[in-house]
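Structural features, examined
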Amino acid sequence: MRIAALRERAERESRVALTPETVRKFIALGAELVVETGAGQGAAISDADYVEAGARVTDRAQAVAGADIVLAVQAPDAADLHGAKAGAMVAAIFDPFSREDRVRDYGAAGYEALAMELMPRITRAQSMDVLSSQSNLAGYKSVLLAANAYGRAFPMMMTAAGTVSAARVFVMGVGVAGLQAIATAKRLGAQVSATDVRSATREQIQSLGAKPIFVENVEGIEGEGSGGYASEMSDEYRAAQAELVSAHIAKQDIVITTALIPGRPAPRLISDSQIASMKPGSVIYDLAVAQGGNVEGSRADEAVTVHGVTVIGHANTAGLLAADASALYARNLFNFFSAFWDEESGRPLLDDEIGDAIRLTRDGKVVHPRLGRQSTPE
Ligand code: NAD
């Protein structure tokens, strides 16, 4: 079983899907590991580190040649995998609903594309969940970046020269990233409030010592939501939410938005006129910027100043912590493959529950139920 890990080609992608730690673990399963030269550079892992762990380091063509499994952070183009075994598994983040063209190419090339971001939210898959591992780091980093862009301090400070008041931080969307953002802002000494559409988050917000801000007059999503996820909200809810946010946001110094709805553009939570109501010098960090953005006017990887408010949002915030993000992502991949490793055949055999949830293509066809099924031309 030959496993290849590639150097990422996407712009601003500094993570890597395999680390020396997971090289050793895969070798212990009986696999042979090949790594593309320079693959770990952005995450402070040298080629020598991989070699020391037992992998072979070589150019891309040779790394891919004869691979049974290819590991990547962002799915490479199918054309770049020329030379991999027929039917090779490719485990990566595929963004399949906005990149159906790429999924079709994988089908046509005969690879088995495994979209790690579609991992079901079930207990046994928690250790394989790349969205969680990366969102957690992104939530932390978003607060640091917002704090850095903010021209004032976060904690209250009583000094001989007078008192510095604590920053008010409002977190919108309390999933994995939002919870970590709340915890990080609290640690920095801010006064934190947070909101979500899922009622289960109210207690989570309180347990972190932050203040829940919820729409009270229109029902949101009871409990956790389906699969832990939110869905699109009614017009009535959105109007009530906009009113609530308008009243609250004008008093905030920092707003971190993290709201996402799987398979859909990010919900718009902050309008231009709401930004205008904030104090000049305030900072908004839009963690959903790559999915269309929660904030009107936010632009990926740019700091824009709107009505005196700085709006920031990196498309790949977790990638700014490349070493930790890679370590966790690589463990997610190892946990996934090792859970299904069949000792007899020396290869992973996926079960239906997880396999069917994440498999996009197999045997020359697009097979995921949420994507158009298409046979490839003979
Ligand atoms: P996500 O990234 O899909 O969305 C981020 C947050 O935005 C969510 O909390 C969502 O409810 C919220 N949101 C969506 N629309 C909104 C709106 N209009 N206004 C305000 N907030 C809005 O979510 P996530 O971080 O992937 O986590 C979602 C849930 O799944 C969490 O409760 C998490 O604990 C749970 N989870 C479970 C597992 C597991 O059991 N294996 C793994 C990971 C996460």
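Provided above is the structure to which this section pertains.
Every chain's residues receive numbers from 1 upward, in the order its sequence appears when written. Given that this is a predicted model, residues contribute local features only at a pLDDT of at least 70 and side-chain atom pairs are listed and counted only at 80 or more, while totals for whole chains, interfaces and linings are drawn from all residues. Hydrogens are left out, water is left out, and the side-chain values use all remaining heavy atoms of the structure.

Notes on the site of the ligand
So the rule is basically this: Any residue with at least one heavy atom within 4 Å of a molecule or strand is counted as near it. Whenever two N or O atoms come within 3.5 Å, that pair is a polar contact, provided that in protein one can donate a hydrogen and the other can accept it, and provided that, for residues adjacent in sequence, both atoms are side-chain atoms. When residues are grouped by polarity, Ala, Val, Leu, Ile, Met, Phe, Trp, Tyr, Cys and Pro land in nonpolar, Asp, Glu, Lys and Arg in charged, and all others, Gly among them, in polar.
The full set close to the ligand counts 22 residues, and Val176, Asp196, Arg198, Gly228 and Gln241 are the nearest of them. Arg121 is positioned such that a nitrogen or oxygen atom in its side chain is 2.9 Å from an oxygen atom of the ligand. Separating an oxygen atom of the ligand from a side-chain N or O atom of Arg198 is a distance of 2.7 Å. For the shell around the ligand, a count of residues per class yields 10 nonpolar, seven polar and five charged.

Structural notes on the pattern of salt bridges
Where we set the bar: Note on definitions: salt bridges are taken to be side-chain nitrogens of Lys or Arg within 4 Å of carboxyl oxygens of Asp or Glu. Each helix is a run of DSSP H or I of at least 4 residues and each strand a run of E of at least 2, with the numbering of both proceeding from the N terminus. We call a residue buried when its accessible area falls under 20% of the maximum for its residue type, exposed when it is over 50%, and partly exposed in between, using a 1.4 Å probe and counting protein chains only.
Per the stated rule, a full pass over the model turns up 24 salt bridges. For Arg12, the salt bridge identified is with Asp301, shortest N-O distance 3.4 Å. Taken together, the positions of Arg12 in the loop between strand E1 (2–5) and helix H1 (20–28) and Asp301 in the loop between strand E13 (283–286) and strand E14 (304–306) put the pair 289 residues apart, joining distant regions of the chain. Taking the relative accessible area as the measure of exposure, Asp301 reaches 24% and is therefore partly exposed. Here Asp235 ties to Arg238 by a salt bridge, and the two come within 2.8 Å at their closest N and O atoms. Note that Asp235 and Arg238 are positioned in helix H8 (residues 235–249) at a spacing of three residues, about one turn of the helix.

A closer look at the sheet that holds E14
Sheet strands pair via backbone hydrogen bonds, and the direction of the pair is either parallel or antiparallel. Here is the rule we go by: DSSP-based pairing: two strands are paired if at least 2 bridges between them are found.
As summarised here, the arrangement of the seven strands in space is E11-E10-E9-E12-E13-E15-E14, forming an open sheet in which the pairing is mixed. Each edge of the open sheet carries a strand with a single partner, namely strand E11 (211–212) and E14. In the sheet, strand E10 (residues 191–195) pairs with E11 via two bridges, with the strands oriented parallel. Bridge pairing in E11 links Ala194 to Pro212.

Section: the packing of helix H5 (residues 130–149) against helix H6 (residues 176–187)
Heads up, the rule is: Fitting a line to C-alpha atoms yields each axis, with helices limited to the stretch in contact; the angle taken between N-to-C directions then spans 0 to 180 degrees. In this scheme the crossing of two helices becomes right-handed for a clockwise turn of the near helix relative to the far one and left-handed for an anticlockwise turn of less than a right angle. Whether two residues touch is decided by their heavy atoms; if any such pair falls within 4.5 Å, the residues are in contact.
At a closest axis distance of 7 Å, the pairing of H5 and H6 adopts a crossing angle of 35 degrees. Seen from above, H5 lies across H6 with right-handed handedness. Within the contact between the two elements, H5 uses Ser132, Ser135, Asn136, Gly139, Tyr140, Ser142, Val143 and Leu144 and H6 uses Val176, Ala177, Gln180, Ala181, Thr184 and Ala185. Per-class residue counts for the contact of H5 with H6 are seven nonpolar, seven polar and no charged.

Observations regarding unusual backbone geometry
If you check the backbone angles, Ala44 has positive phi at about 60 degrees while not being a glycine. Along the polypeptide, Ala44 turns up in the loop between strand E2 (32–36) and helix H2 (47–53). Look at Asp363: it is not a glycine, yet its phi comes out positive at around 50 degrees. Inspection of the secondary structure assignment puts Asp363 in the loop between strand E18 (361–362) and strand E19 (365–366).

A few points about the pairing of strand E4 (residues 69–74)
Most of E4 sits out of view: five of its six residues are buried. In this sheet, E4 lies alongside E1 in parallel orientation, the contact comprising three bridges. Across the sheet, Ile3 pairs through a bridge with Ile69, a residue of E4. As judged from the four bridges shared by E4 and strand E5 (residues 89–93), these two strands associate in the parallel manner. Residue pairing for E5: Leu71 is matched across the bridge by Ala91.

As for the nonpolar core
Here is the rule we go by: Side-chain atoms within 4.5 Å link the members of a nonpolar core, which is a set of buried Ala, Val, Leu, Ile, Met, Phe, Trp, Tyr and Cys residues.
Residues Leu18, Phe26, Leu71, Phe94, Tyr106, Phe336 and Phe337 are the most contacted members of the largest nonpolar core, which totals 63 residues. Sort the elements by how many residues they give to this core and helix H10 (residues 322–339) lands first, with six residues. What Leu71 contacts, discounting residues up to four positions off in sequence, is Ile3, Ala4, Ala5, Leu6, Ala17, Leu18, Phe26, Ala91, Leu333 and Phe337. In terms of nonpolar packing, the next biggest core, distinct from the first, is built from 29 residues, Val174, Ala185, Ala190 and Leu287 among them.

Focus: the environment of Ala65
Relative to the helices and strands, Ala65 resides in the loop between helix H3 (60–64) and E4. Look at Ala65 and you get partly exposed, because its relative accessible area is 32%. Once the C-alpha coordinates of Ala65 and Ala4 are considered, the two residues, 61 residues apart in sequence, prove to be 8.8 Å apart. What Ala65 contacts, discounting residues up to four positions off in sequence, is Arg2 and Gly83.

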